[in-house]
Structures are given as C-alpha cells and as structure tokens.
Amino acid sequence: MKGFFRSIAATFGFCTILPVGNNLDFDYYARRYYLMPLVGYLTGCIAAGVAILLGSTSFAAAASIAVLLILYGFNHLDGLLDFGDGLMAHGSREKRIKALTDQNVGAGGVGLAMVVILMTYSGLFALPAMPAALIVAEVCAKFSQVTMIAFGEPLREGIHSYVLSFGKKYYVIPAFLICIPVILMPFSVREFSAAIIATAISIAFVYFAATRLFGGVNGDVDGASGEITRMAVIAALALAV
C-alpha cells in the first residue's frame, strides 16, 4: 500500500510541475502509469477553478488553457509541436522521424499547435458548463496517454520504452475504471457519448499515424495524444450541446 501511494505521488510529480513526488524513484510512476487519469482530475479541477473564478468568459477559456499548459510544464505542447513537424514532413520514414525528434520547430508543429489551441478555446467558450468540460477533457486526455503507452511500440530507446517495460496492455482497464467518476459531471448521455467517441477517434488517429509514419511511439507522440484528445473531447461536448 505504501508503494501504491508513492506511485500516485510519483505520477503527479512526473506529469506536472507540482512539487509532489519529485524526489521519488521514477520506477514508482513506471510501474503504475495507469494512475495518470488521477492527474487529469487534479489539473482539470484547477483549470475548472480558474474558469469559475473568471465567470466562464472568453478570457476564462484562454486562462484555463494557459493554466493547463503551465501545469504540464509545456511538455505536452512540446510533444504536439514535434508531432506536427513529423506529420507534415515529406519524404522517407527516416526524414519524418528526424523532424519528430529534431529540437527545431517547423511550420507543421506551429500549425498543428495553433489548430489544437484555437479549437480548444472556441469549444470551451461555446460550452455553458466550461468547468465540468475541463475536468472531463483532462481525464480523457490522460486515458489517451495511458493507451498510447500501453499499446504503442517504442520508436527507440528512451522514457517511453522504459515505462513500457514495466507496464502491461491490460493497464488500460484500471485506467478506464479511474475515469468512470466523470459521469458525475452535468452532461447528458448524448454529450458523454460524444466525448467517448472523440476520445476513441483521437487515440486511433494518433496511434495509427505514429505507427504508419514513424514506425512507433515515443514521448512526443504520447504528449501530443493528450493535447489532441483534450481538444477533441471539448469540441465534441460543444457540438453535442
């Protein structure tokens, strides 16, 4: 039980800039990365708090997104930028992998990041229940990342391959169970169905794009999956209202 709570702390410490579990062994996170949706509840609640304080205005939507990006230390945004560069690169798989792993940011990365942020912002602003949408979207985003780690073939040696060496494909099951409490959010069956479909489509898109274009998944793809899933869920909720 002590190890379990250390894993929770390590997961928060690894995934966010919050001063929780930063001094714990990274293996505590790797052994139980299915706990990541718990991070979504916390970050979603923090962003929801910002939206409540600012009155669910257009500024609240922008501020909530900014808070989320900061909470993750812009790491997921960095992954989204790299993923966009890899998607838009022309040529062989090797050239796409180089664009994915290159430190420089190209038009593909900037363009994809702009699309994701703008769609997230417009979707949030269109939602009457902005705080609740932030929580649902964050939890779904973290489930997406768990799925990517569990099923994604490692592109090369690195953090992703190391975490995968500890995990099992069935880790998506406890991760899904952790997500179930989001049904307490004030959305209809139609809206929840839209969010679930959006999550599934996002996971499938990122997974198959990464597998076909790069031959595998790395940390950048995992981070991009979270950002894209958050956007898709918020957009789906807005369209289903």
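Notes on the structure follow. Keep in mind it's a predicted model, so treat the numbers as computed, not measured. (Residues numbered from 1 in each chain as written. Predicted model: local features only at pLDDT ≥ 70, side-chain atom pairs only at ≥ 80, totals over all residues. Heavy atoms only, no water.)

**A closer look at the packing of aromatic side chains**
Each aromatic ring pair is characterised by the separation of its centres together with the angle its planes make.
Move 1: Using the criterion set out here, one finds eleven aromatic pairs in the structure.
Move 2: Taken together, a centroid distance of 6.3 Å and an interplanar angle of 65° make the contact between Phe143 and Phe176 edge-to-face. Taken as a pair, Phe143 in helix 8 (residues 130-151) and Phe176 in helix 10 (residues 172-179) lie far apart in primary sequence, 33 residues in all.
Move 3: Classification of Phe143 as buried rests on a relative accessible area of 17%.
Move 4: Measuring from centroid to centroid gives 5.2 Å for Tyr207 and Phe208, while their planes differ by 80°, and the two rings are edge-to-face.
Move 5: Judged by relative accessible area, which is 23%, Tyr207 ranks as partly exposed.
Move 6: One aromatic cluster is present, formed by Tyr33, Tyr34, Tyr170 and Tyr171 through successive ring pairs. (Phe/Tyr/Trp six-rings, centres within 6.5 Å; stacked < 30°, edge-to-face > 60°. Helix = DSSP H or I, 4+ residues; strand = E, 2+ residues; numbered from the N terminus. Buried < 20%, exposed > 50% of the residue type's maximum accessible area, 1.4 Å probe, protein only.)

**Some points on the packing of helix 4 (residues 58-71) against helix 7 (residues 107-126)**
Move 1: Between helix 4 and helix 7, the least distance of the axes is 9 Å, while the angle of their chain directions is 135°. The orientation of helix 4 relative to helix 7 falls into the category oblique. Where helix 4 crosses over helix 7, the two elements pack in a sense that is right-handed. Only Ile117, Thr120, Tyr121, Leu124 and Phe125 of helix 7 make contact with helix 4, whose side of the interface consists of Ser58, Ala61, Ala62, Ile65 and Leu69.
Move 2: Here the contact of helix 4 with helix 7 is composed, by residue class, of eight nonpolar, two polar and no charged. (Axes fitted to C-alpha atoms, helices over the stretch in contact; angles between N-to-C directions. Parallel < 35°, antiparallel > 145°, perpendicular 65-115°, else oblique. Left-handed = near helix turned anticlockwise from the far one by under 90°. Contact = heavy atoms within 4.5 Å. Nonpolar A, V, L, I, M, F, W, Y, C, P; charged D, E, K, R; others polar.)

**Some words on the pattern of salt bridges**
Move 1: According to the stated counting rule, one finds two salt bridges in the structure shown.
Move 2: In this structure, the salt-bridge partner of Arg230 is Glu138, at a minimum N-O distance of 2.6 Å. Of this pair, Arg230 sits in helix 12 (residues 219-240) while Glu138 sits in helix 8, placing them 92 residues apart in sequence. Exposure class is identical for Arg230 and Glu138. Each is buried. (Salt bridge = Lys/Arg side-chain N within 4 Å of Asp/Glu carboxyl O.)

**What to know about helix 5 (residues 75-88)**
Move 1: For helix 5, spanning 14 residues, the distance from its first C-alpha to its last is 20 Å, which sits close to the expected 20 Å at 1.5 Å a residue.
Move 2: The buried fraction of helix 5 is high, at eleven of 14 residues.
Move 3: The set of residues buried in helix 5 consists of His76, Leu77, Gly79, Leu80, Leu81, Asp82, Phe83, Gly84, Asp85, Gly86 and Leu87.
Move 4: Lining the buried residues of helix 5 we find helix 4, helix 6 (93-101), helix 7, helix 8, helix 11 (189-213) and helix 12. (Expected span 1.5 Å × (residues − 1).)

**Observations regarding the side chain of Ser7**
Move 1: Positionally, Ser7 belongs in helix 1 (residues 2-15).
Move 2: Setting aside residues no more than four positions away along its own chain, Ser7 makes contact with Tyr28, Arg32 and Leu35.

**Topic: the nonpolar core**
Move 1: The biggest cluster of nonpolar side chains holds 77 residues, and the ones touching the most others in it are Phe83, Val136 and Val221.
Move 2: If we skip the residues at most four places from it in the chain, Val136 touches Val182, Met185, Phe187, Phe192, Ala195, Val233 and Leu237. (Core = buried A, V, L, I, M, F, W, Y, C linked by side-chain atoms within 4.5 Å.)

**As for unusual backbone geometry**
Glycine aside, a negative phi is what most residues show, and trans is what most peptide bonds show.
Move 1: Of note in the backbone geometry, Phe74 takes a positive phi value of approximately 60° without being a glycine.
Move 2: The topology assignment puts Phe74 in the loop between helix 4 and helix 5.
Move 3: Residue class for Phe74 comes out partly exposed when judged on its relative accessible area of 42%.

**Examining the environment of Ala194**
Move 1: With respect to the secondary-structure elements, Ala194 resides in helix 11.
Move 2: Sequence separation between Ala194 and Ser92 is 102 residues, and the spatial gap between their C-alpha atoms is 36 Å.
Move 3: With residues up to four places along the chain from it excluded, the contact list for Ala194 reads Ala236 and Ala240.

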